[in-house]
Amino acid sequence: MITGASSGIGLATARMAAARGARLVLAARNKEALETLTHEIRQRGGDAYYVVADVGVESDVREIARIAQERFGGFDAWINNAATAIYGKLLDIKSEDLRRLFETNFWSVVYGSLITARHLRQRGGPIIHLGSTFSDRAIPIQGMYSASKFAVKGFTDALGIDLQKDELLVS
């Protein structure tokens, strides 16, 4: 399961995973890009299915998991890759745009991780979060992006502690 699979790191990851035989559920908002990628993977003998979803919306993330369950009997790994950026000074950006970035960059990770941790409790497997160097240092012109990646890092650390205490995290 890969979020943000229509471009960038998500697209490259999907192609590499498919080349190694992974059966994939691909999620993003861009239907045309997902259709193209899914067709490409299938043409090369791979198995992929796409879900048009806004991962900043919890019900959409639940639907991705439901479809993975229906299509493939579940999933072995979940890659939280979806992200967006806004360039500009925080004082110059509309608050609704700042909120939207946080929903995509942070809340999608929370939704995907919690759903996945519950699902993988029985079978094991990784939850992968794509981080950023901006999770350790804020920079000008990308303040909210930095803040969202700080939040992802904090959530990842906290989830890791919880999973270790439940003996679900190895390493």
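Everything here concerns the structure above.
The notes below deal with the structure included here. A quick note: this is a predicted structure, and the numbers were derived from the prediction, not measured.

About the thresholds
Residues numbered from 1 in each chain as written. Predicted model: local features only at pLDDT ≥ 70, side-chain atom pairs only at ≥ 80, totals over all residues. Heavy atoms only, no water. Helix = DSSP H or I, 4+ residues; strand = E, 2+ residues; numbered from the N terminus. Expected span 1.5 Å × (residues − 1). Buried < 20%, exposed > 50% of the residue type's maximum accessible area, 1.4 Å probe, protein only. Arc of directions from axis to C-beta. Contact = heavy atoms within 4.5 Å. 1 Å grid on protein atoms, 1.4 Å probe; cavity = no way out; pocket = protein on both sides within 12 Å on 5 of 7 lines; lining within 4 Å. Points joined across faces, edges and corners; volume = space filled by probe spheres on them. Nonpolar A, V, L, I, M, F, W, Y, C, P; charged D, E, K, R; others polar.

If you check helix α1 (residues 8-19), its first and last C-alpha atoms are 17 Å apart, about what 12 residues at 1.5 Å a residue would give, namely 16 Å. Taken residue by residue, α1 has Gly10, Leu11, Ala14, Ala17 and Ala18 as its buried positions. All buried residues of α1 fall inside an arc of 135 degrees around its axis, so they share one side. Residues of α1 that are exposed and point over 90 degrees away from its buried face: Gly8, Ile9 and Ala19. Packing partners of the buried residues in α1 comprise β1 (2-3), β2 (23-28) and α2 (31-43). Two residues or fewer after α1 comes glycine 21, characterised by a positive phi angle close to 95 degrees.

Our next topic: the layout of surface pockets. Any empty space left between the atoms is revealed when a probe the size of a water molecule rolls over them. Put simply, the largest pocket is a space of about 360 Å³. If you trace the largest pocket, you find 23 residues lining it, with Gly4, Asn81, Ala82, Ala83 and Thr84 closest to the centre. No other element matches the 3 residues that α1 contributes to the lining of the largest pocket. In the lining of the largest pocket, the residues fall into 9 nonpolar, 11 polar and 3 charged.

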